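# A look at the structure
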Amino acid sequence: MPKTARRRLALSIALLATVATLTTPPLAGAKTAEPPLYTKARQLTFEGRRAGEGYFSADGSRMVFQSERGGENPFYGMHLLDLETGDVRRISPERAKTAGGWLHPTRNVAMFSSTQLDPEIDTKIQAELDFRASGQIRRNSSDFDPAFEIMTVDLQTGVYTRLTNAEGYDAGGAYSPDGRQIAFASNRAAYAADLAGADATRLQNDPSSYMDIYLMDADGSNLRRLTDAPGYDGGVFWSADGESLVWRRFSEDGTTAEIFVMDADGANPRRITDLGAIAGDPFFHPSGAYVIFAANREGFGNVELYLVDIDGARAPVRVTDREGFDGLPTFSPDGATLSWTSDRTSDDNAQIFVAEWDHEAALRRLGLVETTGGPGAPQLGAALASTEAAISAADLETHVRAMASEAMEGRLTGAAGGKAATAYVAALFERAGLEPAGVDGGYFEPFTFTSGVSLGRDNSLVAQLPPRAPATDTEGALFEDDAQSVDFAIDQDWRPLGLSKSGATEPLEVVFAGYGLVAGATRDLPAYDALAGEDDALQGRWALVWRGAPPESSRERRAQLMRVAGIGYKASVARARGAAGLIVADGPGAGYAEGLPELSVSSQTKGDAIPVIAVTRATAERLLRAGGLDPATVADGLADGSGAGAMRPLAGVTLSARIDLDFKTRTGRNVLGRLSMGGDPNAAPAVIGAHVDHLGRGGTYASRAKPDEAGGVHYGADDNASGTAALMEIAETLAAERRAGVVSGARDVVFAAWSGEELGLIGSSRHVERLKRLADAPDLKGVIASYINMDMVGRLREDRLRLSGLGSSSVWRREIERRNAVIGLAISTSDDAYLPTDSTPFYLAGVPVLSATTGTHDDYHTPRDTADLINYEGLEQVARLMRLFVIGQAQAATPPDYIELQRTNAGPTRTGALYLGTIPDYVQEGVRGVALSGVVKGGPAAEAGLKGGDRLVGLAGEELVNLYDLMRVMNGLKADETVSAEVVRGAQTLTLKITPRRRQ
């Protein structure tokens, strides 16, 4: 099959699969007795004493499998079955143990693990024959023999090639879908470590306990170790898209094993089962929606097959239902056939079986869809096929309705809807004839990001209280305080917050600090300092504070205080005053909807400086009473915000915590396609882009959904299905015009659909950073000619199309005049290039930018942003104009000039009346300090010598851990007073002088 045809087939399968696997709530009232997920089961292998694992070739025409087939070798041999002719032949040497076969996806080569090079193989064969002659049977014929090495065999010439050469058991190899890499398991590290004592004994008695997952190139080079946890890691396989690996991990004591998934580079490992049994043999369905595996959940000797969704969010679904062994499951490449090994034979010996697989039923049983394609899902493949190679309102509506459908579930980055949306765009790029411009020869450019946080297994909060008489809480419940120790219940009495430091604290004293607010004086109000007192009043202690600000404060006082009332800011202030941890609770009259704040995390403000926990109001009041304070009396003194009040220690109260947070990462992906315009292929291309992602079901801080809309799909028809639809229409039209010879240019055009824009411009920022690394340059000058952006262009009204970024180059006004003379839109303009959209990472990297929008509206970031509200005739006009801009950029012999704008009245890090002119990186992941993506020309930071790529770790003598710290320190600075700035630049730490200015 030609390369382009294979790629088209893969994209079509990916599109249909991702659309079919969009998550919806589990089926209500599902019956326990469901129809089987497989039908027409039949035995595939018959010859030999028994068969082991079998795996299909990439085209589904062959299977490589293990079988004991007579002769003088009692161990498994590796065999090849032609599923079209039925012919079988042995492909491993006659005298060897073998395991883990796999067929190369494009070459006529098989891979397996073998002991054929072991000089002791004859002795081991005879020993096994003697053992069996005695009437005994070994449970595991491979026995983790350290002589196993991974081998390949040319299926035409029969020539063997050794890929691994290390003492230890190397086995279970599987090629990546593109054939470039091999994932396998090995305990080689234990042998290389020269273990002694109990460790050496353990290796001798249980070599499996030292197994880990490794990755190497297909020729055996570039070895990387992916896991290093205690216990067994093995049975590793790739997802069909090559982005993920699945494997099983035993507990350290070997009593249980669970299924895990990780990214293909070893990042983001996560457990997706919690059976408390022994699970193994995991294998991805080609759709990527779920994993099939085997487990002895029904009894030690009864191994059954199960399904689990890829996120492990739902209970596993049982597939087989019989006493005995059903394991080693695999799927054919099209996902329509299940293969597995079972002892359901006439002689009770294990052989390979196959059956027809019901993928749609599997999705329903897992609660992934209620009906085929999801609730109300349009036929997206048909939608793509219905559009024509010319920009039209009808085609734009087709794309918007597809992207903003129930099936896309709000296109959240990294979720099923986001994958479906990017698959849709990639399929359109493929059909239009764009060349892939992503990673590894494909259309996708994957990236990982922190998507959430959840509670780990080891969280505890224990208070030591002085004995007191019985009392009642605010709801009248009686409790006894005569116990010295109180173990508070996680998620009921307390909860750690996402910005908290993890780990254990020793018992620490607790100090009540009112609302924990520290705010400078304004022209009309004095300063407010809830932490005023002895210098060491908080040192090494917990600070217990109420959330928000005093409810009865004057409007002016609340305006002063709410600016510094965020929990992250309070944590930064408390840490600066010496606190070892922060406890927050709802104060009297707070009016918060929930008793405990939501556990969430922001990539820009994630911190790990001190423990930060929330407790319920009842828990806080219990601590206050135990420490000798009356909550009502304290509240009365602080309610009006007229004074901060003195901090008060809770006599005799100590608190110890253990905080365990699991930060969840996801993989998002940009979609990139390139159109050759017939000019110099090495010339810097023009780029046009739009973000494809949206808010999913609104579970982020950005949602503006009303209470009765909470949890509803945020369709994002205008934001930004409109821009994505325009991008696709321009791509399809220009590609057709190029094939017809209607247009040509001096440089190519790259079309980009970004993910992660709603989460902080993640996708476009990661793309810019990747290009800078590839170019080994600090910016993209000469790498990208220009960037054109479309974000929310679907509601053209009388207030006209707005084009921003004109100040980034001298060419844009001329271009608008020339191109809009043809279209005739009413246009408003802005020079500003510091915009909250995907053009900004390009501008900060030295690329001229032009960004289009039809403006915001009341439905912005709500479920009300639906496809029926789009002005499709207006969107057609916008798309036609942007097409002309792109053609103009492609045909320009010289790229547009770049102008660095001075902006003294802005900057994301300005606070109060002062600003520095620093521009933080939009993704502050894994960074201690504040990473900068740029600085504003003419601003204090630029004049001080700060640059994009710097990491600001100190200001005015204070350490900066995250953005909260920068905000706190800025609030204490004075205009025109020079302070020091500690900056990490590469391997250097610099001390610079910076002078904040008053905002104009």
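So, here's what we can say about the structure.

What counts as what
Residues numbered from 1 in each chain as written. Predicted model: local features only at pLDDT ≥ 70, side-chain atom pairs only at ≥ 80, totals over all residues. Heavy atoms only, no water. Buried < 20%, exposed > 50% of the residue type's maximum accessible area, 1.4 Å probe, protein only. Helix = DSSP H or I, 4+ residues; strand = E, 2+ residues; numbered from the N terminus. Arc of directions from axis to C-beta. Contact = heavy atoms within 4.5 Å. Axes fitted to C-alpha atoms, helices over the stretch in contact; angles between N-to-C directions. Parallel < 35°, antiparallel > 145°, perpendicular 65-115°, else oblique. Left-handed = near helix turned anticlockwise from the far one by under 90°. Nonpolar A, V, L, I, M, F, W, Y, C, P; charged D, E, K, R; others polar. Pairing = 2+ DSSP bridges. Polar contact = N/O pair within 3.5 Å; in protein donor to acceptor, adjacent residues only side chain to side chain. Core = buried A, V, L, I, M, F, W, Y, C linked by side-chain atoms within 4.5 Å. Salt bridge = Lys/Arg side-chain N within 4 Å of Asp/Glu carboxyl O.

## Notes on helix 12 (residues 631–638)
Restricting attention to buried positions, one finds in helix 12 the residues Pro631, Val634, Ala635 and Leu638. Projected down its long axis, helix 12 shows its buried positions confined to an angular sector of 100 degrees, all on one face. Exposed and oriented more than 90 degrees from the buried face of helix 12 are Thr633 and Asp636. In this structure, the buried side of helix 12 is in contact with strand 33 (508–512), strand 36 (542–546), helix 11 (617–626) and strand 39 (648–659).

## Focus on the packing of helix 8 (residues 416–432) against helix 13 (residues 717–739)
In contact at an axis separation of 9 Å, helix 8 and helix 13 are set at 10 degrees when each is read in the N-to-C sense. Taken as axis vectors, helix 8 and helix 13 run roughly parallel relative to one another. Read as a crossing pair, helix 8 and helix 13 show a hand that is right-handed. Residues Tyr424, Val425, Leu428, Phe429, Arg431 and Ala432 of helix 8 pack against Thr724, Leu727, Met728, Ala731, Glu732, Ala735 and Arg739 of helix 13. Here the residues of the contact of helix 8 with helix 13 sort into nine nonpolar, one polar and three charged.

## Things to note about the pairing of strand 41 (residues 686–691)
The element strand 41 is extensively covered by neighbouring structure, given that six of its six residues are classed as buried. A two-sided burial pattern is seen for strand 41, the buried positions comprising Ala686, Ile688 and Ala690 on one face and Val687, Gly689 and His691 on the other. Relative to strand 43 (residues 786–790), strand 41 is paired through four bridges, and the arrangement is parallel. Of the residues in strand 43, the one forming a bridge with Gly689 is Asn789. Sheet topology places strand 41 next to strand 42 (residues 749–754); six bridges connect them, and they run parallel. Each bridged residue has a counterpart across the sheet, and for Ala686 the counterpart in strand 42 is Val749.

## Description of the side chain of His857
In this structure, His857 sits in the loop between strand 46 (849–853) and helix 17 (872–891). Here Asp718 takes part through its side chain, which lies 2.8 Å from a polar atom of the side chain of His857. Contacts of His857, omitting those with residues within four sequence positions, involve Arg704, Asp718, Met792, Arg795, Arg797 and Asp865.

## Thoughts on the nonpolar core
If you look at the biggest cluster of nonpolar residues, it comprises 81 residues, and the most contacted ones within it are Tyr290, Leu307 and Trp357. It is strand 19 (residues 290–295) that provides the largest number of residues to this core, a total of six residues. Not counting the four nearest positions on each side in its chain, Leu307 is found in contact with Leu37, Tyr290, Val291, Ile292, Phe293, Pro316, Val317, Val319, Trp357, Ala362 and Leu366. If you look at the next biggest cluster of nonpolar residues, it comprises 69 residues, including Met677, Leu734, Phe885 and Val886.

## Quick notes on the pattern of salt bridges
Overall, the coordinates contain 51 salt bridges when judged by the stated rule. Between Arg669 and Glu243 there is a salt bridge, with its nearest N and O atoms 3.8 Å apart. Here Arg669 is found in strand 40 (residues 661–675), whereas its partner Glu243 is found in the loop between strand 14 (233–238) and strand 15 (244–250), with 426 residues between them in sequence. You'll find Arg669 and Glu243 in the same group, each marked buried. The partner of Arg795 in a salt bridge is Asp865, with the nearest N and O atoms 3.7 Å apart. With a gap of 70 residues between them, Arg795 in the loop between strand 43 and strand 44 (801–804) and Asp865 in the loop between strand 46 and helix 17 connect regions that are remote in the sequence. Each member of the pair, Arg795 as well as Asp865, carries the same accessibility label: buried. Here the residues in one salt-bridge network are Arg49, Arg50, Glu68, Glu128 and Arg132, joined through shared partners.

## What to know about the sheet that holds strand 1 (residues 38–43)
Ordered in space as 1-24-23-22, the four strands form an open sheet in which the pairing is antiparallel. Only two strands of the sheet have a single partner each, and these edge strands are strand 1 and strand 22 (326–331). Each adjacent strand pair in this sheet contributes to an overall mean axis angle of 25 degrees, direction not counted. Pairing of strand 1 with strand 24 (residues 351–357), which is carried by four bridges, proceeds in the antiparallel orientation. Each bridged residue has a counterpart across the sheet, and for Arg42 the counterpart in strand 24 is Val354.

## Some details on the environment of Gly949
Considering the arrangement of structural elements, one finds Gly949 in the loop between helix 18 (940–944) and strand 50 (951–955). For Gly949, a relative accessible area of 59% corresponds to the exposed category. A sequence separation of 35 residues divides Gly949 from Val984, and the C-alpha atoms of the two residues are 9.0 Å apart.

## Some thoughts on the pairing of strand 50
Burial within strand 50 is extensive, with four of its five residues counted as buried. In the sheet, strand 49 (residues 930–935) pairs with strand 50 via two bridges, with the strands oriented antiparallel. Within strand 50, the residue paired with Val930 across the bridge is Leu952. Note that strand 50 and strand 52 (residues 979–985) share four bridges and pair antiparallel. In the sheet register, Leu955 faces strand 52, and the bridge partner there is Ala981. Where strand 50 lies against strand 51 (residues 958–959), two bridges are found, and the strand directions are antiparallel. Note that in strand 51 the partner of Gly954 across the bridge is Glu959. Between the end of strand 50 and the start of strand 51, which pair antiparallel, lie two residues, with Ala956 showing a positive phi angle near 55 degrees.

## As for the packing of helix 10 (residues 567–576) against helix 19 (residues 963–971)
Contact geometry of helix 10 with helix 19 gives a least axis separation of 8 Å together with a crossing angle of 65 degrees. Looking at the two axes, helix 10 sits roughly perpendicular to helix 19. The element helix 10 and its partner helix 19 pack so that their crossing is right-handed. Residues Gly568, Tyr569, Ser572, Val573, Arg575 and Ala576 of helix 10 touch helix 19, and the partners they reach there are Tyr964, Asp965, Met967, Arg968 and Asn971. Broken down by class, the residue content of the contact of helix 10 with helix 19 amounts to five nonpolar, three polar and three charged.

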